[in-house]
Amino acid sequence: MTESPGKASPEERGLGALGLKLGLSRLALWWEGAWRALWPPLGVLGAFLVLAFTGFLPTLPPALHLLILIGFAATLGYFGYRAALGLRAPAADAAARRLERDSGLAHRPLAVLADRPAGDDAMAQALWQAHRDRAVAQLDHLRVARPKPGLASRDPRALRAAVLVALVASLGMAGREAPERLLSALLPPFAEPLAPAVSVAARFEAWITPPAYTGAPPQFLKAEGGAVAVPEGSRLHMVFSGSANPPELRLGGAAHAFARMDAQSHALELPLTEGGALVLKRDGRDVAQWALTITPDAPPVVAWDPSPARAGRGLGLRLPWKAEDDWGLAALRVELRLKQRPSAPPVTQDMPLPGGAPRQAQGAAQHDFSAHPWAGLEVEARLFARDGAEQEGKSEGAFLVLPERRFSHPVAQQLIALRRALSLDPSAREPARRELDRITNAPEAFEHDTGMFLTLRAARHRLGRDRRDEAVGEVQQILWDVAVALEEGRTDRTARALAQAREALREALEEARRENAEANSERNPEERAEQRAELQRRIQELREAIRRHLEALAERMQRENNEALSYDPQQRVFDRRELERRTRRLEDATRDGRQEDADREMAELEEMLQALEEGRTSRAEDRQRQQRQRGQQQMGALQDMVRREAEMLDRAHRRSGDQENTRNDARRPPPPRPQTPEAREEAARDARTQRALRRALGELMQQYGELTGDVPAPLAEADRAMRDAAEALAEGRDPRSAQQQAIRALTEGGRQMSQRMQRQFGPPQPGEGEGEGEGEEMAGGQQGGEGQDQEAQRGEGRDPLGRDRREAGGSAQDNAGDTLVPGDAERMRSHQLQQELRRRGAERERPPVELDYIDRLLRRF
């Protein structure tokens, strides 16, 4: 079978493909040889580019820079020369052998295509042709493999990859400055370019930034130099522009290099740790010089002023302190360490500082540690002050006993003693367990309260089974909670539970009302049923809370021989049957989905419960009326003080011989004349009267503070003015200026008292007893004679506060009109007030002012 003339034979096509593959094989051989020969010089070139793009070479001295350039050039030339010797074009036979090797052909079949038989024998020719055909048939299986330079064996640590990564990173760092940095690396800066314009334009800016905590502004360095003093921790910033050669900065003999910003700009940032001569040099010449002084930052100084002690009122610990720091205080704290167990972790309490960072401060903090396990034990108190540099200063240790709360319940006293013993020796767990066993074996001591019994047993088992160090502190907290609960009494505990149940039911009703109003049509029956079930559960909890509270009230009344609770429509006091009817109606309304009826029943129940909390006969209006009356009496007493102070001022004017001056004119008092014996005796009587008025003012301020919770500042100014006036009278000096200041302060204090009482208790009602209208008169600024009618109402023998001046030896008939024998209702109310005050006094999270007030009231009982 013959082939057509227009088509190439298979042998021709195979030979044509063979030529292409031989060319690719030769190219692969050339690439392998070239890569093996060129990678050393390329690595040297890459290392140089890395140094150039990072800007490292220009920072070196010019000689060293040049030496490195010569080294790189020599290394590059050496490896380049070796690479040139190694670059040879591969031979055709080598390309054929690589192609046969890549294709997996044996016996060199490509050589057969170029060979010829030696003889002309027909049999030999036929055999040779068959061999040639087989070789041609193998041409279709020829393949060229990818080049394999074999660098892994020559570079086993892959340094070529490291150079490539570093080159990419340095190029990214250089960014647009890459050409400039490359040029600077190739040209060492041996001399400034001979361009006068560049030299004339060279300039620098230098400033020192103090630490942020100092609050000091940056300090700019003058070009002409000079002396500079900066705080410790400051940083120097300097920018030099207009010169391609970087300048040099020397500080204390050490040189600091500038970083190049661009071709003509350089910058430096240096932390200043030592002083000395600060010299800026360029081209070996001094540009500017400063004498730098580093001011050290001293640690804060803190001390007690005076020693800490228990506060005058309440259970607080008064911590007076004073502290100072050269750059300002950042924080203040007190640490308490147990004297009998110094290894115990200290108790730390942060103390407030005035606003900002004061350099000098003084104050007195008050903290309540009465609930801490160390209460009643001696501790060492030490102050620690910290400044902005994190330096601390500490005070001398002060030893004191932490104030503790006094408990009257016997079991509470035992629990507090056990708690204190664990503070002294946390390892004494076994004695503590035995003590808890003894307490729980007599449940009648705590009214057989199951909750307290279980709580104490749980604390006992925790001491035996929980071996963690923190377990002792947790048990101490449990003992404190139980002691406080015992001290407050069962009635107060049930009252708190009742208030919580009321609040929970109120929130559930409000939630139901809101959901019904928003999505009444979208709610499915299951959701409505679930809501009703929740309301029923809340109602049951409220019913149970009311039952327990009524039982506690009945027990207390039985102990005090009071009558049982009964329903009275006028006084809104009720018994259990009435309560049960109300709660049943509320439960029926919520079950049937009658929201309005449920709200109405809840409102009536709230009113009845509120009446129960307020007592059987007391009303908020009565208390407010009584408070207004007390305030009016205090206003009347204050007016009487103004009147008496004005009378003493009149007598002082007469003694000075200036009868024409009025008591309101104290701007320029005339010089006093020599006093007669009668005048000195009168001045001595006025001094005694002035001291008595000051004592009365102190009591008035205390009573008014208990009434309203605050005392107007002008009353304190009046107290100081009265003190100055009393001293002036006792020493024979002119007291008129201090007396007039006292009158002005009393008048302003009375005005503020009247305004505050009207805001708190409302305006006085007509016919509310004595003292009516006094606040208005004081607010109007009247000063003389206003208290005369009030004194007449109080009667003879009364002091400015309305108290009886008669001596204790008076007869019973003389005081019969002032004696009011309390009845059963008053005793019941008094007992309720005591219980409420004890409950509130146990809530240590209340404000210190309120706790002090409660403590003063309890001491009266």
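Residue positions within a chain follow its written sequence, with the count starting from 1. Residue-level local features of this predicted model are given only where pLDDT is at least 70; pairs of side-chain atoms are given and counted only at 80 or more, and the full residue set underlies all totals for whole chains, interfaces and linings. Water and hydrogen atoms were dropped before computing side-chain values, which therefore reflect all heavy atoms in the structure.

**A look at the overall build of the chain**
A run of DSSP states H or I qualifies as a helix once it reaches four residues; a run of E qualifies as a strand once it reaches two. Both are numbered from the N-terminal end. Scanning the chain from terminus to terminus reveals 25 helices and 19 strands. The classification of residues rests on relative accessible area computed with a 1.4 Å probe and restricted to protein chains. Under 20% of the type maximum is buried, over 50% is exposed, and intermediate values are partly exposed. Within the chain, buried positions represent 39% of all 861 residues. Counting contacts in the chain only where the partners sit at least 6 residues apart, residues at least 24 apart contribute 70% of the total. All accessibility values rest on the Shrake-Rupley procedure with a 1.4 Å probe; residue burial counts only the protein chains present in the view. In the structure as shown, the chain presents an accessible area of about 47800 Å², 53% of it carried by carbon and sulfur atoms. When checking whether two residues touch, look at their non-hydrogen atoms; a contact exists if any pair is within 4.5 Å.

**With respect to the sheet that holds strand β6 (residues 254-257)**
In this analysis, strands are considered paired if DSSP registers two or more bridges between them. Reading across the sheet, the 5 strands line up as β3-β10-β9-β5-β6 and stay open at both edges, with mixed pairing between neighbours. On the outer flanks of this sheet lie β3 (226-231) and β6, each paired with one strand and no other. Between one strand axis and the next, the sheet turns by 30° as a mean value, whatever way the strands run. Where strand β9 (residues 276-282) and strand β10 (residues 285-295) come together, 7 bridges link them in antiparallel fashion. Each residue of the ladder has a partner; that of Gly276, found in β10, is Leu292. Structural elements are reduced to axes, namely lines fitted to C-alpha atoms, with helices fitted over the stretch in contact, and the angle between N-to-C directions of any two is expressed from 0 to 180 degrees.

**Description of the environment of Leu418**
Residue position: Leu418 is located in helix α10 (residues 410-424). For the pair Leu418 and Glu435, spaced 17 residues apart in sequence, the C-alpha separation works out to 7.7 Å.

**Some thoughts on the packing of helix α19 (residues 677-708) against helix α20 (residues 713-731)**
Close contact between α19 and α20 brings their axes to 9 Å; oriented N to C, the two are set at 160°. On the basis of their axis angle, the class for α19 and α20 is roughly antiparallel. Crossing hand, α19 versus α20: left-handed. Contact with α19, carried on its side by Ala683, Asp686, Ala687, Gln690, Arg691, Leu693, Arg694, Leu697 and Met701, involves Leu715, Ala716, Ala718, Asp719, Met722, Arg723, Ala725, Ala726, Leu729 and Ala730 of α20 and no other residues of that element. Of the residues that constitute the contact of α19 with α20, the class distribution is 13 nonpolar, 1 polar and 5 charged. Orientation labels follow simple angle bins: below 35 degrees gives roughly parallel, above 145 gives roughly antiparallel, 65 to 115 gives roughly perpendicular, and whatever is left gives oblique. If you view the pair so one helix is near and one far, a crossing is left-handed when the near helix is turned anticlockwise from the far one by less than a right angle, and right-handed when it is turned clockwise. Only Asp, Glu, Lys and Arg are considered charged in this grouping, and only Ala, Val, Leu, Ile, Met, Phe, Trp, Tyr, Cys and Pro are considered nonpolar; every other residue, Gly among them, is considered polar.

**What about the packing of aromatic side chains?**
Aromatic rings from Phe, Tyr and Trp, with only the six-membered ring used for Trp, were paired whenever their centres fell within 6.5 Å, and each pair was classed as stacked if the ring planes differed by under 30 degrees, edge-to-face if by over 60, and tilted otherwise. Within the structure shown, the criterion is met by 4 aromatic pairs. With a centroid separation of 6.2 Å and 40° between ring planes, the pair formed by Trp207 and Phe220 is classed as tilted. A residue pair is termed long-range when its members are at least 10 positions apart, and Trp207 in strand β1 (residues 203-209) and Phe220 in strand β2 (residues 219-220) qualify at 13 residues. Since its relative accessible area comes to 22%, Trp207 is described here as partly exposed. Seen from their ring centres, Phe407 and Trp480 are 5.6 Å apart, and the 90° between their planes marks the pair as edge-to-face.

**Focus: the pairing of strand β4 (residues 235-241)**
Across the 7 residues that make up β4, a large majority, 5, are buried. As paired elements, β1 and β4 share 7 bridges and run antiparallel to each other. Each bridged residue has a counterpart across the sheet, and for Thr209 the counterpart in β4 is Arg235.

**Description of the pattern of salt bridges**
Whenever Lys or Arg places a side-chain nitrogen within 4 Å of a carboxyl oxygen from Asp or Glu, that contact is recorded as a salt bridge. In total, this model carries 34 salt bridges according to the counting rule given. Where Arg644 meets Asp640, a salt bridge forms, and the shortest distance between an N and an O atom there is 3.0 Å. A residue pair is termed a helical-turn pair when its members lie 3 or 4 positions apart in one helix, as Arg644 and Asp640 do in helix α18 (residues 620-656) at 4 residues. Grouping residues by exposure puts Arg644 and Asp640 together as buried. Sharing partners across several salt bridges, the network here consists of Arg462, Asp466, Arg468, Glu470 and Glu474.

**A look at the nonpolar core**
Joining through side-chain atoms within 4.5 Å is the link that ties buried Ala, Val, Leu, Ile, Met, Phe, Trp, Tyr and Cys residues into a set, and such a set is a nonpolar core. In this structure, Val334, Leu336, Met351 and Trp374 are the most contacted members of the largest nonpolar core, which totals 26 residues. Those elements that place two or more of their residues in this core are β11 (301-304), β13 (316-324), β14 (329-338), β15 (347-351), β16 (360-368), β17 (378-387) and β19 (398-401). No other element matches β14, which puts 5 residues into this core. Apart from residues lying up to four places away in sequence, Val334 is in contact with Trp304, Leu319, Val347, Thr348, Gln349, Met351, Ala381, Arg382 and Leu383.

**Side note on the packing of α20 against helix α21 (residues 736-761)**
Look at α20 against α21: their axes get within 8 Å of each other, and the N-to-C directions meet at 160°. Classified by the interaxial angle, the pair formed by α20 and α21 is roughly antiparallel. Crossing geometry of α20 relative to α21 is assigned as left-handed. In contact with Ala713, Pro714, Leu715, Glu717, Ala718, Ala721, Met722, Asp724, Ala725 and Leu729 of α20, α21 contributes Ala738, Gln739, Gln741, Ala742, Ala745, Leu746, Glu748, Gly749, Gln752 and Met753. A per-class count over the contact of α20 with α21 returns 13 nonpolar, 4 polar and 3 charged.

**Brief notes about the sheet that holds β2**
Overall, antiparallel pairing links the 5 strands, which are arranged β2-β1-β4-β8-β7 in an open sheet. The open sheet terminates on both sides in strands that have one partner only, identified here as β2 and β7 (259-262).

**Some words on unusual backbone geometry**
The omega torsion across Asp305 and Pro306 is -10°, close enough to zero to call that bond cis. Tracing the sequence through the fold places Pro306 in the loop between β11 and β12 (309-310). A positive phi angle, near 65°, is found at Glu390, a position not held by glycine.

**Observations regarding the environment of Leu693**
Take Leu693: it is sitting in helix α19. Between the alpha carbons of Leu693 and Arg723 there is a distance of 9.9 Å; along the sequence they are 30 residues apart.

**Quick word on the side chain of Ser265**
By secondary structure assignment, the location of Ser265 is in strand β8 (residues 265-271). Among the residues examined, Ser265 registers a relative accessible area of 13% and is labelled buried. If we skip the residues at most four places from it in the chain, Ser265 touches Phe240, Ser241, Ser243, Ala259 and Arg260.

**Here's the deal with helix α11 (residues 429-440)**
Between the first and last C-alpha of α11 there are 16 Å, a value that for 12 residues agrees with the 16 Å anticipated at 1.5 Å per step. Along α11, the residues that are buried comprise Arg429, Ala432, Arg433, Leu436, Asp437, Ile439 and Thr440. Viewed end-on, α11 has its buried residues packed into an arc of 165°, placing them on one side of the element. Multiply 1.5 Å by the residue count of a helix minus one, and that product is the helix's expected span. As used here, the arc belongs to the directions running from the helix axis to the C-beta atoms.

**Topic: a nonpolar patch on the surface**
Like-charged residues are merged into a patch within 9 Å and nonpolar side chains (Val, Leu, Ile, Met, Phe, Trp, Tyr) within 5 Å, provided each residue has over 30% relative accessible area and no salt bridge. The grouping of Leu42, Leu45 and Leu76 at the surface amounts to a nonpolar patch, some 230 Å² of accessible area in total. Owing to a relative accessible area of 44%, Leu42 belongs among the partly exposed residues under this scheme.

**Observations concerning the pairing of β17**
Strand direction decides the pairing type here: β14 and β17, joined by 9 bridges, are antiparallel. When the sheet's bridge partners are listed, Ala331 is paired in β17 with Arg386. Sheet topology note: the β17/β19 ladder contains 4 bridges and is antiparallel. If you follow Glu380 over to β19, its bridge partner there is Phe399. Where β17 lies against strand β18 (residues 392-394), 3 bridges are found, and the strand directions are antiparallel. Paired with Phe384 across the two strands is Lys394, which belongs to β18. Between the antiparallel neighbours β17 and β18 lie 4 residues, among them Glu390 with a positive phi of about 65°.

**Focus on the environment of Arg532**
Residue position: Arg532 is located in helix α15 (residues 525-559). Through-space distance from the C-alpha of Arg532 to that of Leu509 is 9.9 Å; in sequence the pair is 23 residues apart.

**Remarks on the confidence of the model for the chain**
Each residue gets a pLDDT score, which is the predictor's confidence in that residue and runs from 0 to 100. Of all residues in the chain, 68% have pLDDT values of 70 or greater, and the mean over the chain is 75. Segment residues 1-6: pLDDT under 50, and 3 contacts once partners within four positions in sequence are set aside and those in other chains are kept. Within the model, the stretch residues 769-820 combines pLDDT values under 50 with 83 contacts to residues more than four positions away or in other chains.

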